[in-house]
Amino acid sequence: GANTPKGLSSMPIRILLFDEVDQAPLSASKQGDPVTMAIKRTQRYYNRFIAMISTPTHKNFSRIETAFNESSQNHYYIPCPDCGHMQVLIFDNVRWEKKNGAASPETAYYQCNNCPARLNDLDINIGVREGKWIPSQPNIKKNKSFHGWELYAPDSTMSAIAEAFLLAKGNY
């Protein structure tokens, strides 16, 4: 556990998994950063594996953002079913209509970056099966990173994503 120095220094580990690393405390007692302490536990192994998974928290003050920026920065590209343009899925391209002046998340669609096509959930799921990871920093070989978000998941829907966004913003 990240909260107790004893738990972080008790034994060497070959495989280290951080889940929600941005939620870890900045310090574990007087011994310092728990993430750094845990990583030191892997140094004995030539074949160590360290994975960090997290939602970024604060821009320019995020462990996961820093780790991503110091690595290969892989993004997943999917093709548009109409024009074939390969694109990374971004939230700004999830759009929905208004009915009677109110947001209507059940009408959500994905706007292609390259053409007027409006992709539905099936288009996205097919695109994910046909897509590929492309690194932004291909010369960085040692540290690999992968960026993804909810829309890439096969059980997600754009209407659910739009509704959650609108509820969080108080606009629904």
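Right above here is the structure, for reference.
My aim in this report is to walk through the structure given alongside it, one point at a time. For clarity, every value in this text was computed on a predicted model and none was experimentally measured.

**Remarks on the nonpolar core**
Here is step 1 of the chain: Of all hydrophobic cores here, the largest spans 19 residues; its most connected members are Tyr 110, Ile 124 and Leu 151.
Here is step 2 of the chain: When residues of this core are traced back to their parent elements, those giving at least two are strand S3 (74-79), strand S6 (102-111), helix H4 (121-130) and helix H5 (158-169).
Here is step 3 of the chain: With residues up to four places along the chain from it excluded, the contact list for Ile 124 reads Ile 78, Leu 89, Tyr 110, Leu 119, Leu 151 and Met 158.
Here is step 4 of the chain: By size, the runner-up hydrophobic cluster in this structure holds 7 residues, among which are Leu 16, Phe 18, Val 35 and Ile 64.

**Regarding the side chain of Arg 63**
Here is step 1 of the chain: You can see Arg 63 is positioned in helix H3 (residues 63-69).
Here is step 2 of the chain: Of the residues examined, Arg 63 reaches a relative accessible area of 18% and is grouped as buried.
Here is step 3 of the chain: Separated by 3.0 Å, the side chain of Arg 63 and the backbone oxygen of Ala 24 make a polar contact.
Here is step 4 of the chain: Among residues more than four places away in sequence, those in contact with Arg 63 are Val 21, Asp 22, Ala 24, Pro 25, Leu 26, Asp 33, Pro 34 and Val 35.

How each quantity is defined
Chains are numbered independently. Their residues run from 1 in the order of the written sequence. The predicted origin of the model limits local features to residues at a pLDDT of at least 70 and limits the giving and counting of side-chain atom pairs to 80 or more, whereas totals for whole chains, interfaces and linings rest on all residues. Water and hydrogen atoms were dropped before computing side-chain values, which therefore reflect all heavy atoms in the structure. Residues grouped as a nonpolar core are buried Ala, Val, Leu, Ile, Met, Phe, Trp, Tyr and Cys residues, joined through side-chain atoms within 4.5 Å. The buried label goes to any residue with under 20% of its type's maximum accessible area, the exposed label to any with over 50%, and the partly exposed label to all in between, with areas taken from a 1.4 Å probe on protein chains only. Counting from the N terminus, the helices are DSSP H or I runs at least four residues long and the strands are E runs at least two residues long. Note on contacts: a residue pair qualifies if any of its non-hydrogen atoms lie within 4.5 Å across the two residues. Under the rule applied, a polar contact is a pair of N or O atoms within 3.5 Å (in protein, one hydrogen donor and one hydrogen acceptor; residues adjacent in sequence only if both atoms are side-chain atoms).

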